[in-house]
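Commentary on secondary and tertiary structure
Listed below are the residues making up each chain.
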Amino acid sequence: MKAMKDPAAATSDQGRDRLLDELLNHRDSVLCLCLGYARDPVQAEELAQEAYLKALKSVGSLKDHRAAKVWLCRIAKHTCLDHLKRERIGREAVKDCGPRTIEDRSPETLVLEREQRQLIKRSIQRLPRKLRDVFIMREYAELTYEEIARVLGRRIGTVMSRLNRARRALAGLVREEEHGT
Amino acid sequence: MEHNGENLEKIRQSIRQEKNAARPQLEAAGFRAKLKSRLALESMPRLPRQTPGLWAFFKSRPLGAAASAAGLLALGTALWFLVLAPSLRRPTGTLEEHILRVLHQSSLAEQAVAEPLLSPGVLNTPFPDRVPDQEIPLILYKALKKLRPASAFPDIEEEPDAPAGNSHDSELKEKNRFFYEILKHIKEV
């Protein structure tokens, strides 16, 4: 029976832990990005975990550690899009994305807020893919224009233009949903 | 434009609420612990997947295996009798070709040439369903002519000599009679 781990393995474990901690610094951005694509926070966490696993497996492709955030966000975006493609949740009605905590607001207010959130989530899912990606990166993950440009491999000008179009389109879609419901 | 601005503010507020609601998932410790356990699971050496062989299946479930084999056998037999055998028996080609084939196979004497035509499965093949009745004699005639030179055909008007004698002779006479009946019919057509 092996009681002790061999030193090489221990070193690699420590190295992996350090790397993991370094990557986990960007956890909020990754989770929020996933939240933009996911149905609910639980699914967002699942997607973020999957993205982190993928990132750790292909950590060799990360050349510059300063670019880890952009690299992670890119992996997360691809993971979410793959998942959307598989599950086609983009076409499903967003069932519930509201808070589950007990709050001091009235039940009517909570219900109205939840309905509003569902409506907005549905509208985001209806955005064209290019516009939706930029919007989620900016509004959910709160990435800078430059970071978004690096994730997408586009110019900052393109990002700004897409974001502007996304906001206008989304406002229109929300209005449409409100009139439809 | 103002309307759009209002809507955008509503959207941003909704996203903020959604992110607040997801706070429990954003907790660093829980996320890290889950990720570490998943990493540990993924890095565990995997046992080669063993697929049970046929022999292992037979050995572990002899009754089940016997039942399966019997079922397969029954299914195969039913399939043979219902689908394969009839399709093998079904003749192919035109009626004329079929008659020719039957006559070629027959080693009977000249007088008995009509016998194969009499047997069920020749005139009662699926072909007459497709061939009008009045055309059947003509087809028979063509088939016979292909088999034998014209001179071999007896005069239709002429009745064959009826050999008197035993039951075998009377059978022959009956066959001849039928043959001439056919030829007469052919002439009428």
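Per chain, the residues get numbers from 1 upward, laid out in the order the sequence is written. Each chain gets a letter, beginning with A, and each ligand a number, beginning with 1, in the order they are written. With pLDDT at 70 or above as the cut-off, local features in this predicted model cover only qualifying residues; side-chain atom pairs require 80 or more to be listed or tallied, and sums for whole chains, interfaces and linings still use all residues.

1. Some remarks on the overall build of chain B
Looking only at helices and strands, chain B features 10 helices and zero strands. Strands here are runs of E lasting at least two residues and helices are runs of H or I lasting at least four, both read from the DSSP assignment and numbered beginning at the N terminus. Along its sequence from the N terminus, chain B presents helices and strands in the succession α-α-α-α-α-α-α-α-α-α. Buried residues in chain B amount to 12% of all 189 residues. Any pair of residues counts as being in contact when their C-beta atoms, constructed from backbone geometry, are within 7 Å of one another. When contacts within chain B are restricted to residue pairs at least 6 apart in sequence, those whose partners lie at least 24 apart make up 65%. Exposure criterion: with C-beta atoms placed from backbone coordinates, a residue whose C-beta has 20 or more other C-beta atoms within 10 Å is buried, one with 12 or fewer is exposed, and one in between is partly exposed.

2. Section: the overall build of chain A
For chain A, the helix and strand inventory stands at eight helices and zero strands. Moving toward the C terminus, one meets the helices and strands of chain A in the order α-α-α-α-α-α-α-α. Looking at chain A residue by residue over its 181 residues, the buried ones come to 35%.

3. Section: the packing of helix α4 (residues 68-87) of chain A against helix α7 (residues 145-152) of chain A
Residue and element names in this part refer to chain A. For the pair α4 and α7, the least separation of the axes is 9 Å and the interaxial angle reads 55 degrees. If you check the angle between α4 and α7, you find them oblique. Crossing angle aside, the handedness with which α4 passes α7 is right-handed. Contacts between α4 and α7 involve Lys69, Val70, Cys73, Arg74 and Lys77 from the first element and Glu147, Arg150 and Val151 from the second. Every axis corresponds to a line fitted to the C-alpha atoms, with the helix fit spanning only the stretch in contact, and the corresponding angles, defined between N-to-C directions, vary from 0 to 180 degrees. Orientation labels follow simple angle bins: below 35 degrees gives roughly parallel, above 145 gives roughly antiparallel, 65 to 115 gives roughly perpendicular, and whatever is left gives oblique. Crossings are classed by handedness, with left-handed meaning an anticlockwise turn of the near helix from the far one by less than a right angle and right-handed meaning a clockwise turn.

4. A look at the interface of chain B and chain A
Of the residues lining the interface, 23 residues belong to chain B; the matching set on chain A comes to 29 residues. Listed by contribution, the elements that provide at least two residues to the side of chain B that touches chain A are α1 (2-21), α2 (23-26) and α3 (28-43) of chain B. The element best represented in the side of chain B that touches chain A is α1 of chain B, accounting for 12 residues. Under the grouping applied here, Gly and all other residues not named as nonpolar or charged are polar, the nonpolar ones being Ala, Val, Leu, Ile, Met, Phe, Trp, Tyr, Cys and Pro and the charged ones Asp, Glu, Lys and Arg. Split by residue class, the side of chain B that touches chain A holds 10 nonpolar, six polar and seven charged.

5. Focus on helix α2 (residues 27-37) of chain A
Taken across its 11 residues, α2 of chain A has nine buried, putting it largely inside the fold. The complete set of buried residues in α2 of chain A reads Ser29, Val30, Leu31, Cys32, Leu33, Cys34, Leu35, Gly36 and Tyr37 of chain A.

6. Examining the nonpolar core
Leu33, Cys34, Ala51, Cys73 and Ala76 of chain A are the most contacted members of the largest nonpolar core, which has 45 residues in total. Elements with a contribution of two residues or more to this core: α2, α3 (41-57), α4, α5 (107-126), α6 (129-139), α7 and α8 (156-180) of chain A together with α1 of chain B. Beyond its immediate sequence surroundings of up to four residues, alanine 76 of chain A is in contact with Val30, Leu33, Cys34, Ala48 and Ala51 of chain A. In this usage, the nonpolar core is the set of buried Ala, Val, Leu, Ile, Met, Phe, Trp, Tyr and Cys residues whose C-beta atoms join them within 7 Å.

7. Topic: unusual backbone geometry
Residue and element names in this part refer to chain A. Residue glutamate 142 is not a glycine yet carries a positive backbone phi of 55 degrees. Looking at the element boundaries, glutamate 142 is found in the loop between α6 and α7. Looking at glutamate 142, the number of C-beta atoms within 10 Å reads 13, which means it is partly exposed.

8. Some points on the packing of α2 of chain A against α4 of chain A
Residues and elements named next belong to chain A. Between α2 and α4, the shortest axis-to-axis distance is 9 Å and the interhelical angle comes to 25 degrees. It follows from the interaxial angle that α2 and α4 lie roughly parallel. Pair α2 / α4 crosses with right-handed handedness. Side by side, α2 and α4 meet where Ser29, Val30, Leu33, Cys34 and Tyr37 of the first sit next to Lys69, Leu72, Cys73, Ala76, Lys77, Cys80 and Leu84 of the second. Here the contact of α2 with α4 is composed, by residue class, of nine nonpolar, one polar and two charged.

9. Some thoughts on the confidence of the model for chain A
Caution is warranted with low-pLDDT regions, since their predicted coordinates should not be read in detail. Residue and element names in this part refer to chain A. pLDDT is a residue-level measure of predictor confidence that goes from 0 to 100. Across chain A, pLDDT averages 80, with 82% of residues at or above 70. Contacts of residues 1-10 to residues separated by more than four positions or lying in other chains number one contact, the stretch itself having pLDDT below 50. Here residues 92-102 scores under 50 on pLDDT; set against residues more than four positions off or in separate chains, the count is 21 contacts.

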